[in-house]
Each structure stands twice: as C-alpha cells, then as structure tokens.
Amino acid sequence: MRHIISVLVENEAGVLSRVAGLFSARGFNVESLTVAPVGTGETSRITLVTAGDGPIIEQILKQLNKLVPVIQVTDLSDSPHVGRELLLVKVLTEAGHPERGGRQEVLNIVQIFQARVVDATPGSLIIEVTGSADKLDACLALLEPYGVADMVRTGQVALARGSRK
Amino acid sequence: MQLTGAEIVVRCLLEEGVRVVFGYPGGAALYIYDEMHKQEERLTHFLVRHEQGALHAADGYARVTGEVGVALVTSGPGATNAVTGLATAYMDSIPILCISAQVPVPLIGNDAFQEVDTVGITRSCTKHNYLVRDVRDLARVLREAFYIAKSGRPGPVLVDIPKDVSNTLCEYTPPDGDVTIRSYRPTIKGHMRQIRRAVEMLQAAKRPLLYTGGGVVLANASKGLQQLTRTLNLPITNTLMGLGSFPATDGRFIGMLGMHGTYEANMAVSHCDLLVAIGARFDDRVTGKVADFATQAKIIHIDVDPTSISKNVRVDLPIVGDVRAVLEQINALIQEENCAEKQEDILRWWEQIEAWRAKNCLHFTQDDRVIESQYVIQTLCNLTRGQAIISTDVGQHQMWAAQFYEFQYPRHWLTSGGLGTMGYGLPAAIGAQVARPNKPVIVITGDGSIQMNIQELGTCLQYRLPVKIVILNNGFLGMVRQWQEFFYNKRYAQTDLEIAPDFVKLAEAYGALGLRTDRPDEVESILRQGLEHPGTVLMDFRVRREANVYPMVPAGKALNEMLLGELL
Ligand SMILES: Cc1cc2nc3c(=O)[nH]c(=O)nc-3n(C[C@H](O)[C@H](O)[C@H](O)COP(=O)(O)OP(=O)(O)OC[C@H]3O[C@@H](n4cnc5c(N)ncnc54)[C@H](O)[C@@H]3O)c2cc1C
Ligand SMILES: Cc1ncc(C[n+]2csc(CCOP(=O)(O)OP(=O)(O)O)c2C)c(N)n1
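Treat the numbers as computed from the prediction; the structure is a model and nothing was measured.

A. Local environment of the overall build of chain B. Regarding its fold elements, chain B presents 21 helices and 20 strands. Computed over C-alpha atoms, the radius of gyration of chain B comes to 24 Å, within 12% of the 24 Å expected from 2.2 N^0.38 for 568 residues, which places it in the range of a compact globule. Overall, chain B is about 70 × 60 × 40 Å in size when its C-alpha atoms are taken along their principal axes. Across the 568 residues that make up chain B, the buried fraction comes to 59%. The long-range share in chain B, meaning contacts at least 24 apart out of those at least 6 apart in sequence, stands at 76%.

Below you can see the structure in the form of structure tokens.
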C-alpha cells in the first residue's frame, strides 16, 4: 500500500541526505520526495511517498524518527488528509501541423482539469496542473497524443484534515 | 573569554571528564595536537600505530568503563582508516566520540590535498555526525556529540573540524545545564501499563526464559537482571554481547544461544512459552530461521530503541525504555512465587532443561599430543578465575572464548559481534588496559586476525601496557575453513595461511616477551609464565589445525536443527 509520510526536520546541512541515505541503505522504496523550508525557516517539511506492507512502514516510521534532526514523523495515510501535486507540461501545438492537433482542443482539456496555461509561444504551451496524482495522470494521458515535449512533477505534498497537527 | 577552536576542543573534552584520547596526527589536525600537547598533564594522548587501532582502543575503553571513548584522527586517509572502527562500534552500540580533522573550509569540495567527504562516508556508520563550518558552533556540537553518543541506544558520533576552524578565535561560554535537543529525546521509563502486563505474563508462564543481550551491559543493569532471575528462579541465556551480565557459574545461566550457542539454550528457546528479550536485537546469528524461532512462546521485548522492536521477529509485548529503569519497574512489582502449582511448573521446566544440559554439548577431550583451543581457554579461565578482561578477534577462537571463559562480571568481555571485525582484539585490549591498569587484560586471537593490527604491539610497548596476547595458532583462517569443510565439500579456497611470521621473534622485535608451545602438557605453565610477566606478552599456542566449533546451527536453519560435535 502507498503511504504519504510527512517529516518535520531541522533545516540544517545534510538532513536531506540522511533521509535519502536511510531509504537507500535499508532498501526502502521512495516514489517521490519533496522538501522545502517551512515557518521561519528553522525547520523543513519533507513529504515522502512510499510503499510497503505494515511491518515495513512501521520500520520506516521508526527509522525516520531515530534520525537525530527529525522532529516529527506522521503517516498521513492513517487518517483523512489533503494531498496535492503540481505538474508542468509542455505541449507542442504547431500551427499547420494537424497531426499534432489543435490548440483549441488542448485548451479544452486545460479547462476540464481546471489547469492553467502559464506560457505560450506559437508552437508550444506550458500547462500547470495541480491536484491529486490521479488527476495529473488523467490529464497527462489526454495531453500525450498532442505531443508532450517535456514535463516535470513535484511529487506529492499533503496535510492532515481538520485541526490535527 | 576568547578561545581558538583547538582550545575549545580540549576544554570541552575536559569538561566532559575525558582523561585519555587515542589518536594519530596529521596536517589538518596540527592545531588540535598542539593544544593537546600544551595540556598533556590533564589530557593524555595515546599514539597508536594505525587509526583503526585508535578507534578500537577508544571502543575498548568505552566498553570497559561505560564512558565515551575518544579518538582523534587527521583528514583524508586518517578519516578513512577510522571507518572500520566506527562501523564496529556502531554495530555494537558503543559510545565513541571521533574527532576528525578536515581541510580548511574554503577548500572543502575542491579535491584539496587529503580531503574526503568524511561526514558523507561515515553517515551510515555513526549514530550521528557533524561538520563544523563555524567555530561558534563548535562547543555546542561537541556537547551534543557526547550526549548523543552515550544516551538512549549508545553509538559512535563523529565531529569533523576543518583546520581553519581549529585556529579561529571565538567567544567561549561554559555549559549551562544539560544538553537538550528538541528532535532527540530517548525514552527511559517503560510505560506502566506495559510493565504491569509484563509482570502478569512473567508470573503466569509455565516455561519462561530470559534472553538478554548487550543492552543489559550498556545500561549497567546487571543487578536488576540478577534480582529478577533469582526471584523467579528463571533460566537465562545470553547473546554473545550479553556475556558477563549474569555470572556464568550460576546454575540459572544456560549458556549462550544462537549459531554457536549451547544445546540447552537453543532447545529452551524452541520450547519456552514466554521469551523475555532484554536489550537484545534478534540478530540472525541468534534466531536462525526466523519462521521457526521460539514458535511456542509469547515474546516480551525490552529495548530503548524502537527500531529494534518487531524488526526481525514480531513481539507480543513491546516495552520501549532503558533496561535498567524498566527492570527496576518490573522488580518493584514482581512477587516471589508462592503458589505450589506454579512452583511445580518451574521445577518441571528446570528438569527438562537439566536433561538437555546433561548432553554436555561443549564436551571435548584433550589428548597428550595436540593442543585443543578449548583447553587453552579453559585453563586460562581457571588461572584467572574468570576475572580477567578478555578481548577477542573474530573466528573460531572468538566462539570458543565465548563458550569456555566463564565471565563473572559485565564489562569484562570485548568482542566485535555485529560487524565481526578481525583486527579488533589487540587495540581494544589497549583501550581496556589504559582504563584498568591493574587488571589482567588478555587478547584471545587467531593467527589470521592478529596480523590485522599487530602493529599495535608498538603502542603496548611505548606505554608499557602489560597486555597478554594468546594466539590460538591453527595455521588457517579457521572459521572460514570450518564453513568450507561443512558446506563447500572441504575445498579450502584461500584459507590456508601458509606463511606466518615467527610470532615469538616478532614479539621480541617489538620488545615484548614471546612464548610458544605445541605441547598440551606445557599449556598451563606457559600461561602462568605469561600471566605473571609484568610486561606485554605474546603466547603462540600451536593448536589442532582442523578443529570445529560445536554446536553449530547452519545459516538459515532452525535453532533445534543444530549440529553437535563428532563426540556426541
Ligand atoms: C563469527 C561470529 C559468530 C557469532 N555467533 C553468535 C552466536 O552464536 N550467538 C550470538 O548470540 N551471537 C553471535 N554473534 C554475534 C551476533 O552477530 C550479534 O552481534 C549479537 O547476537 C547481537 O547481540 P545482542 O542481540 O545482544 O545485541 P547488541 O548488538 O548488543 O544490541 C544491543 C541491543 O540493546 C539495545 N540497548 C542498548 N542500550 C540499551 C539500554 N540502555 N536500554 C535498553 N536497550 C538498550 C539496543 O537498542 C540493541 O537493540 C556472532 C558473531 C560473530 C562475528
Ligand atoms: C576484516 C575481516 N575480514 C574477513 C573476515 C571474514 N572472517 C571471519 S572469521 C575469519 C577467519 C579468522 O581466522 P583466525 O583469526 O586465524 O581465527 P580462527 O578462526 O582460526 O580462530 C575470516 C577471514 C572478517 N571477519 N573480518
């Protein structure tokens, strides 16, 4: 099963390599990992998406907790949470190339997914999509036939719903 | 008060009560060495002959005293030579502070002379490590390093100090109160509900067994352990790392368990209905085939490190906490058994265990022609009444030492269990002898292992350390040869050490006393002579070339599928 794990760490040199090193050294798998400072910048929040059965996830949580600069570890999958990911995708929509499809169709897809066009040239569009990983996958699947030149995804970030910390 | 980085290092060491440092100098470490030299009356530096030796010596010092052992090495090759020592200490949870020098901050990352990414290299073999880029962080980092090394589950911590940092002035403030790190707070006391459950389970069990490990030694919890064992008349088995935490001569002790454990211990594990693991981590050398491990038992696991719990074996009752604190909590509630029926259960369990013990699985015979290693260790144990500090290398001699030396006290047994580091024994003994100048410190080693770090004889002689070295010389990398005999059809690939130095002459070349015999009837007299000699002694015992350690549980087999010796 997939788990979204949120890790609050001291924002100090080397902390990311400690977390990443833990996963590679112990053979835990990481689907995605995002990190950025939060609050006043003293701490960072790392969001990890990993997969494994119960005992493996239990070890992952314990091992993360054991790292000295780790302040708090939460398995968000345990309870209701909001997860989001951001996708930037560059679609080629050259005028005069019907096989690459029309810009209009692409713009329709943008609308359906409540995405946004953030850059446009005569031959290309960059589209920004946010949402669950599933939504991003679905949107990408629709855009692919038009010619995806490049793309980047952030990996999931998430927060627990309600007042829970 | 303004101090340089080097002055801060020495001051912090003294504040932590450090009196000895094991190390080896080099360019990047010169400011620190200069400062240590100025303060040599208060802080003694022991110059080893290889940085690996410095780390093992600090490790031996730590195992014997329970304090943090301190090592100091230079950048680059100094740091890489320290890695094996760090990994050894990390696997066995030994508190060490290793200070490594680094190239100056502006050169870091430039492939500078003698630069390596020390924190990168040592990240996975230290409990924590630091690169100090700013001298203003130095005192805090050193205090944190000591605290992390010795608290919770102990372990080695490395602090990497660039040369310019050690020569920069900074305002120094003495420590105010205890170190606190908000992201690091080990649990000490056990949860009361769990403690009560444990007491109920202990008093209800019909066939209980204590399985105790290095955590009891690390927590200085022998007294509490002995109280519990005696109150309930429990059988107790130790891991390799737990030896000495319960006196081997007490009848309740049924020997070591695991791959080379006793028949009675492994059978008891396989048949008990309650297994209480105390400061032990269910290592694969202990469990054998996990699916068949202690299948009839409910398991209680007491450990300060939550990651040790339910890692290899699912447990029924986890108790996270310091062994000493938790045993105090349990002992406060436990009652001597008054119920006649329960007393009978335990007696019946003991009868069963005695029947297994009667198999006498460690039996060997000493003829009058070839020395058996077991006989040398047994004689050594008798001569020292089980009171010496014993360090070992890795191999058959290590297992025989574990089986035949009857340890009476904790912190008298230094062996690399987790990493299995050949070359550990002699430098660890140096650390132990420095810590306990008046105690007999004896290295039990093999002819293979002693040649890794034999150079530390120089250190023994320089500081007049009367370490005694007992080589069980079989001319083979014996333990590996044994595996080849059992599992590779006697194809002895690269385990015959055809050429060995004349160990007696080698000892003499360093200025030590060298003794040798190949005659069983001389074993005792050579040992006596060696033990009585006031200086460093190396004793070369030519033992049976192809002897095997029994019992043995082949890797991946269940504990009750152990091989017993040819004689049984
Ligand atoms: C050739 C060879 C053969 C071997 N054969 C055997 C064998 O037959 N039998 C055997 O037992 N071993 C054997 N070993 C050793 C084995 O590899 C392991 O090192 C050993 O079994 C681990 O011992 P332990 O479980 O006591 O754990 P340790 O490594 O001593 O770990 C200590 C445990 O206690 C915990 N702890 C530490 N401090 C505290 C505290 N204050 N409070 C609470 N908990 C604490 C730690 O978190 C850890 O879980 C062999 C090694 C070699 C090299
Ligand atoms: C540094 C290192 N290299 C290799 C090994 C693998 N190994 C384990 S036991 C052993 C043989 C040790 O031989 P010796 O020291 O002569 O002891 P004996 O088994 O003969 O008593 C070897 C090579 C090891 N444990 N450590």
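B. Expanded view of the site of ligand 1. Residue and element names in this part refer to chain B. If you check the shell around ligand 1, you find 37 residues, and the closest are Thr-239, His-260, Arg-281, Asp-303 and Asp-322. Within the backbone of His-260, an N or O atom sits 2.7 Å from an oxygen atom of ligand 1. The fraction of the free accessible surface of ligand 1 (990 Å²) that becomes covered by protein chains is 97%. Of all elements in the fold, only helix H9 (214-218), helix H12 (284-287) and helix H16 (396-404) reach the threshold of two or more residues within the shell around ligand 1.

C. Representation of the pattern of salt bridges. Residue and element names in this part refer to chain B. The final tally for this structure, using the stated rule, is 39 salt bridges over all chains. Asp-59 is the salt-bridge partner of Arg-63, the closest N and O atoms lying 2.6 Å from each other. Of the two residues, Arg-63 and Asp-59 both sit in helix H3 (residues 51-65), four residues apart, roughly one turn of that helix. For the pair shown, Arg-63 and Asp-59 are each scored as buried. Within the structure, one salt-bridge network assembled from shared partners comprises Asp-367, Arg-369, Glu-372 and Arg-544.

D. Quick look at the environment of Phe46(B). All names here are of chain B. If you trace the backbone, Phe-46 turns up in strand S3 (residues 44-47). In the structure, Phe-46 is positioned 46 residues away from Asp-92 in sequence and 23 Å away in space, judged by C-alpha atoms. Those residues in contact with Phe-46, other than ones at most four positions away along the chain, are Val-20, Val-21, Phe-22, Gly-23, Val-434 and Tyr-463.

E. Geometry of helix H17 (residues 425-435) of chain B. Among the 11 residues in H17(B), 11 count as buried, and that is most of the element. Among all positions of H17(B), only Gly425(B), Leu426(B), Pro427(B), Ala428(B), Ala429(B), Ile430(B), Gly431(B), Ala432(B), Gln433(B), Val434(B) and Ala435(B) are buried.

F. Representation of the environment of Ser6(A) within the structure. All names here are of chain A. Its place among the elements puts Ser-6 in strand S1 (residues 2-10). Residues contacting Ser-6, with those up to four places away along its chain left out, are Arg-45, Ile-46, Gln-72, Val-73, Thr-74 and Leu-76. Within the structure, the side chain of Ser-6 is placed 2.9 Å from the side chain of Arg-45, a separation counted as a polar contact.

G. Molecular detail of the domain arrangement of chain B. Residues and elements named next belong to chain B. The domain boundaries assigned to chain B delineate domain 1 (2-171), domain 2 (192-357) and domain 3 (373-542). One C-alpha centre belongs to domain 1, the other to domain 3, and the line joining them spans 29 Å. In this complex, domain 1 contributes 25 residues to the contact, which on the side of domain 3 involves 27 residues. A buried area of about 2100 Å², summed over both sides, lies between domain 1 and domain 3, and 63% of it is on carbon and sulfur atoms. By the criterion of area lost to domain 3, the three top residues of domain 1 are Arg-49, Arg-63 and Val-64, representing 32% of everything that side buries. In this assembly, domain 1 and domain 3 are joined by zero salt bridges.

H. Broad picture of the site of ligand 2. All names here are of chain B. For ligand 2, the set of nearby residues contains 17 residues, the closest of which are Gln-396, Gly-420, Ser-449, Gly-478 and Met-479. Within the side chain of His-397, an N or O atom sits 2.9 Å from an oxygen atom of ligand 2. Here an oxygen atom of ligand 2 and a side-chain polar atom of Asn-474 are 2.9 Å apart. Relative to its free-state accessible area of 590 Å², ligand 2 is covered by the protein chains to the extent of 76%. Only H16 and helix H19 (478-487) provide two or more residues apiece to the shell around ligand 2. Counting residues per element, the shell around ligand 2 draws most heavily on H19, which supplies three residues. When the residues that make up the shell around ligand 2 are grouped by side-chain class, the tally is seven nonpolar, nine polar and one charged.

I. Focus on the sheet that holds strand S18 (residues 468-473) of chain B. Residues and elements named next belong to chain B. Strand order across the open sheet formed by six strands is S16-S15-S17-S18-S20-S19, with parallel pairing between neighbours. Every interior strand has two partners, whereas the edge strands, strand S16 (413-414) and strand S19 (513-517), have only one. The pairing of strand S17 (residues 441-446) with S18 spans five bridges and is classified as parallel. Note that in S18 the partner of Ile-442 across the bridge is Lys-468.

J. Highlighting the domain arrangement of chain A. All names here are of chain A. The domain boundaries assigned to chain A delineate domain 1 (2-78) and domain 2 (82-158). Counting residues at the interface gives eight residues for domain 1 and five residues for domain 2. With both chains or domains summed, domain 1 and domain 2 bury close to 500 Å², and 59% of this area falls on carbon and sulfur atoms. Broken down residue by residue, the surface that domain 1 buries against domain 2 is led by Ile-4, Thr-34 and Thr-47, which jointly contribute 55%. Joining domain 1 to domain 2, the criterion identifies zero salt bridges.

K. Inspection of the nonpolar core at higher detail. Residues and elements named next belong to chain B. Grouped together as the largest cluster of nonpolar side chains are 63 residues, with contacts concentrated most on Leu-202, Leu-228, Ile-278, Ile-300, Ile-330, Ile-390 and Phe-541. For this core, the domains that each give at least three residues are domain 2 (192-357) and domain 3 (373-542). Those residues in contact with Ile-390 that sit more than four places away from it in its chain are Leu-380, Tyr-405, Phe-407, His-412, Trp-413, Leu-414, Ile-442 and Ile-444. Phe-22, Leu-55, Cys-98 and Val-467 belong to the second-largest nonpolar core, a separate cluster that totals 47 residues.

L. Region of the structure containing the sheet that holds strand S2 (residues 32-38) of chain A. Residues and elements named next belong to chain A. The strand order S2-S3-S1-S4 describes an open sheet built from four strands, whose pairing is antiparallel. The sheet terminates laterally at S2 and strand S4 (70-75), the two strands that pair on one side only. For this sheet, the mean angle separating the axes of adjacent strands, direction not counted, is 15°. In this structure, S1 lies alongside S4, joined through five bridges in antiparallel fashion.

The rules behind the values
Residues numbered from 1 in each chain as written. Chains lettered and ligands numbered in written order. Predicted model: local features only at pLDDT ≥ 70, side-chain atom pairs only at ≥ 80, totals over all residues. Heavy atoms only, no water. Helix = DSSP H or I, 4+ residues; strand = E, 2+ residues; numbered from the N terminus. Rg over C-alpha atoms; globule rule 2.2 N^0.38 Å. Buried < 20%, exposed > 50% of the residue type's maximum accessible area, 1.4 Å probe, protein only. Contact = heavy atoms within 4.5 Å. Near = heavy atom within 4 Å. Polar contact = N/O pair within 3.5 Å; in protein donor to acceptor, adjacent residues only side chain to side chain. Areas by Shrake-Rupley, 256 points an atom, 1.4 Å probe, with all protein chains shown as cover. Salt bridge = Lys/Arg side-chain N within 4 Å of Asp/Glu carboxyl O. Domains from an automatic or database assignment. Buried area = accessible area lost by both parts, 1.4 Å probe. Nonpolar A, V, L, I, M, F, W, Y, C, P; charged D, E, K, R; others polar. Pairing = 2+ DSSP bridges. Core = buried A, V, L, I, M, F, W, Y, C linked by side-chain atoms within 4.5 Å. Axes fitted to C-alpha atoms, helices over the stretch in contact; angles between N-to-C directions.

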